[in-house]
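Tertiary structure, described
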Amino acid sequence: MNKKNWLLVLLVPVLLIGSYVLYQKLTSNYEIPVAAPEPSIQEEEKLITDESFDFTYEDKNGKKGKLSDHKGKPIVVNFWASWCPPCREEMPLFEKMKKENPDVDFLFINQADGQRETQELALEFLETNGIDIETYFDKTTDTGYKYGLAALPATVIIDQEGVIQGRIMGQVSEEALKNGIELIKE
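What counts as what
- Residues numbered from 1 in each chain as written.
- Predicted model: local features only at pLDDT ≥ 70, side-chain atom pairs only at ≥ 80, totals over all residues.
- Heavy atoms only, no water.
- UniProt positions renumbered as here; feature names shortened; annotations may be inferred.
- Helix = DSSP H or I, 4+ residues; strand = E, 2+ residues; numbered from the N terminus.
- Polar contact = N/O pair within 3.5 Å; in protein donor to acceptor, adjacent residues only side chain to side chain.
- Contact = heavy atoms within 4.5 Å.
- Phe/Tyr/Trp six-rings, centres within 6.5 Å; stacked < 30°, edge-to-face > 60°.
- Buried < 20%, exposed > 50% of the residue type's maximum accessible area, 1.4 Å probe, protein only.
- Lys NZ or Arg CZ within 6 Å of the ring centre and 35° of its normal.

In the annotation of an unreviewed UniProt entry, the protein is listed under the name TlpA family protein disulfide reductase and assigned to Vagococcus proximus. What the UniProt record of the protein gives under Subcellular location (unreviewed entry) is the line "Cell envelope".

**Focus on the side chain of threonine 135**
Note that threonine 135 resides in strand β5 (residues 135–137). One polar contact links threonine 135 to tryptophan 80, side chain to side chain, over a distance of 3.1 Å. Within polar-contact distance, the side chain of threonine 135 engages the backbone oxygen of phenylalanine 108 at 3.0 Å. Residues within four places of threonine 135 in sequence aside, it is in contact with Asp59, Trp80, Phe108, Asn110, Leu123 and Leu126.

**Considering the packing of aromatic side chains**
Within a pair of aromatic rings, the relevant descriptors are the distance that separates the centres and the angle that separates the planes. Applying the stated criterion across every chain, the model contains 9 aromatic pairs. Ring centres of tryptophan 80 and phenylalanine 125 lie 5.9 Å apart, and the angle between their planes is 50°; on these two criteria the pair is classed as tilted. Residue tryptophan 80 is located in strand β3 (residues 75–80), and its partner phenylalanine 125 is located in helix α3 (residues 119–128); the two are separated by 45 residues in the primary sequence. Ring plane angle 85° and centroid distance 5.6 Å describe the contact between phenylalanine 94 and phenylalanine 108, whose orientation is recorded as edge-to-face. A residue pair is termed long-range when its members are at least 10 positions apart, and phenylalanine 94 in helix α2 (residues 85–100) and phenylalanine 108 in strand β4 (residues 105–110) qualify at 14 residues. Each member of the pair, phenylalanine 94 together with phenylalanine 108, is buried. Clustering of aromatic rings is evident, with ring pairs tying together Phe53, Phe55, Tyr57, Phe79, Tyr136 and Tyr147. We note arginine 116 situated over the ring of tryptophan 83; from NZ or CZ to the ring centre the distance is 3.6 Å.

Pasting the structure below:
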């Protein structure tokens, strides 16, 4: 072996060991950031009359309404879109529950962003599938921000006082929907 090869054989382990020692030295004083404090046990009531949870919607003719207009009655709000398979699958259940619970206001809020979903597509879906519900439209996607909708469908259960009692993210089961309605009808 020539002199260059011997030098290389000796130099590589020295560099590796030196790198390891330097890494250990630099990271030994590193502190992991402390996690955010735990939320308080008493959570504030989420009221639909608060601007952060109230929203405006339109019917198919452009007439505007507000969620807070329904305060005084139990409310079930379902956020949906016609391109969403779980949304389409749960529509017959919502139609049935609406008929069985005339004392509950059901608001079906279509997320008509004007691109992937439009008012026309939503109405065509309902008509084609024979679903008899009045749907409303959020063309601003304001509700998505206010209610933190990461995905559709989403259902919000609100009592007569306008207090949000719960949210169901994803496709709702009949049992969960019945339990939610019983919770707010008391």
